Amino acid sequence: MDVIEAIKARKSIRAFKPDPIPRTILEDILRTASLSPSAANIQPWEFVVVTGETLKKLTQANIDKSKAGETGSWDLRRGAGRSQVPEVYLKRLVAIQTRIQAQMNYIREDKEKRAEWMQRGFRYFGAPAVIIITMEKSLGDTHFFDIGIVTQTICLAAVEHGLGTCIQGQGVMYPNMIREMFGIPDSKHLVIAIAIGYPDWSHPANQMKSDRESLENLSTWFGFKE
Ligand SMILES: Cc1cc2nc3c(=O)[nH]c(=O)nc-3n(C[C@H](O)[C@H](O)[C@H](O)COP(=O)(O)O)c2cc1C
């Protein structure tokens with residue numbers, strides 16, 4: 001598979017088969033992704049890779065916290081709340097949420113179904129493995145850029161192995177619990193989680209392909225002859 005094919009084939013997978021992923025494959029993906037560029041080649045990423053019984057404990061702890069009504073917070077959630085998101089971006093956000101809700105046959109007002117969907121997220125959509133990416137806080141915000149690059153590279157390398165991924169802010173919504181469970185010090189950000197596994201293509205959540213804004217609306221060009 002070439003790079004362009006992999007970029008086009010990747011999409012967020014929100015239902016997985018339970019089949020385990022051999023450790024050698026996960027190692028191969030992470031070694032490949034570690035070739036990503038980073039500012040001054042700092043390579044700020046560190047990977048916490050979780051599967052099996054430990055993953056079960058992690059998902060259960062997420063569910064317990066969510067059922068106890070703990071709202072949680074993602075380390076990276078800063079800046080404007082939803083009410084301040086400019087209209088142009090809000091439209092895209094609402095569009096994807098509406099698409100997911102339609103695909104999953106529920107409406108936002110149905111509290112029970114919404115909670116069910118949230119819990120699927122806290123279970124990493126049934127993925128047999130999860131990669132949590134951490135970064136030393138003292139490195140500063142510039143290096144979040146590097147984490148973004150390595151995250152996408154992991155997702156693309158996964159495609160080559162027939163694996164699907166979902167990048168999940170929700171996966172690190174209870175950072176203190178995760179810190180305690182895996183001995184991650186307070187000096188590190190829990191930047192993001194990636195659910196990874198073999199896609200369950202029969203599941204409605206995986207039938208969806210998200211839209212993209214047209215290039216005309218996203219680019220301005222100067223100095224071209226035509
Ligand atoms: C930083 C980041 C956080 C995300 N968090 C979540 C999440 O918590 N739950 C989820 O279902 N999808 C999450 N996504 C996936 C996006 O919704 C998805 O990438 C976007 O809708 C585009 O769809 P695609 O990945 O299928 O192309 C996240 C993506 C990124 C980049």
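Quick notes on the rules
- Residues numbered from 1 in each chain as written.
- Predicted model: local features only at pLDDT ≥ 70, side-chain atom pairs only at ≥ 80, totals over all residues.
- Heavy atoms only, no water.
- Near = heavy atom within 4 Å.
- Polar contact = N/O pair within 3.5 Å; in protein donor to acceptor, adjacent residues only side chain to side chain.
- Areas by Shrake-Rupley, 256 points an atom, 1.4 Å probe, with all protein chains shown as cover.
- Helix = DSSP H or I, 4+ residues; strand = E, 2+ residues; numbered from the N terminus.
- Axes fitted to C-alpha atoms, helices over the stretch in contact; angles between N-to-C directions.
- Parallel < 35°, antiparallel > 145°, perpendicular 65-115°, else oblique.
- Left-handed = near helix turned anticlockwise from the far one by under 90°.
- Contact = heavy atoms within 4.5 Å.
- Nonpolar A, V, L, I, M, F, W, Y, C, P; charged D, E, K, R; others polar.
- Buried < 20%, exposed > 50% of the residue type's maximum accessible area, 1.4 Å probe, protein only.
- Pairing = 2+ DSSP bridges.
- Phe/Tyr/Trp six-rings, centres within 6.5 Å; stacked < 30°, edge-to-face > 60°.

Visitor: Account for the site of the ligand, with residues named and values stated.
Guide: Taken together, 15 residues surround the ligand, and among them Arg 10, Ser 12, Arg 14, Ile 167 and Arg 212 come closest. In this structure, an oxygen atom belonging to the ligand sits 2.6 Å away from a side-chain N or O atom of Ser 12. Between the ligand and Arg 212, the relevant distance is 2.8 Å, taken from an oxygen atom to a side-chain nitrogen or oxygen of the residue. For the ligand, whose free accessible area comes to 620 Å², the fraction covered by protein is 68%. Among the elements that take part in the shell around the ligand, strand β3 (residues 164-168) stands out by supplying three residues, more than any other.

Visitor: Before we move on, could you go through the packing of helix α2 (residues 23-33) against helix α6 (residues 144-160) and cite the residues and values that matter?
Guide: The geometry of α2 relative to α6 is characterised by a closest axis approach of 9 Å and an angle of 135 degrees between their N-to-C directions. Judged by the inter-axis angle, α2 sits oblique to α6. Helix-helix and strand crossings are classified by hand; for α2 and α6 the assignment is right-handed. Along the contact surface, α2 presents Ile 29, Leu 30, Thr 32 and Ala 33, while α6 presents Val 150, Thr 153, Ile 154, Ala 157 and Ala 158. Counted by class, the contact of α2 with α6 contains seven nonpolar, two polar and no charged residues.

Visitor: So what's going on with the pairing of strand β4 (residues 188-197)? Residues and values would help.
Guide: Strand residues, when the strand is regular, have side chains that alternate between the two faces of the sheet. In terms of burial, β4 is largely enclosed, as 10 of its 10 residues are buried. Pairing of strand β2 (residues 129-136) with β4 involves eight bridges; the strand directions are antiparallel. Within the sheet, the bridge partner assigned to Ala 129 lies in β4 and is Ile 196. Relative to β4, β3 runs antiparallel, the two sharing five bridges. Across the sheet, Ile 167 pairs through a bridge with Ile 194, a residue of β4.

Visitor: Please provide a residue-by-residue account of the packing of aromatic side chains, values included.
Guide: According to the stated counting rule, one finds three aromatic pairs in the structure shown. Where Trp 117 meets Phe 125, the ring centres are 5.5 Å apart and the plane angle is 45 degrees; that geometry is what we call tilted. The residues Trp 117 and Phe 125 share a single accessibility class, namely buried. With a centroid separation of 5.4 Å and 65 degrees between ring planes, the pair formed by Trp 221 and Phe 224 is classed as edge-to-face. There is no split in this pair, since Trp 221 and Phe 224 are both exposed.

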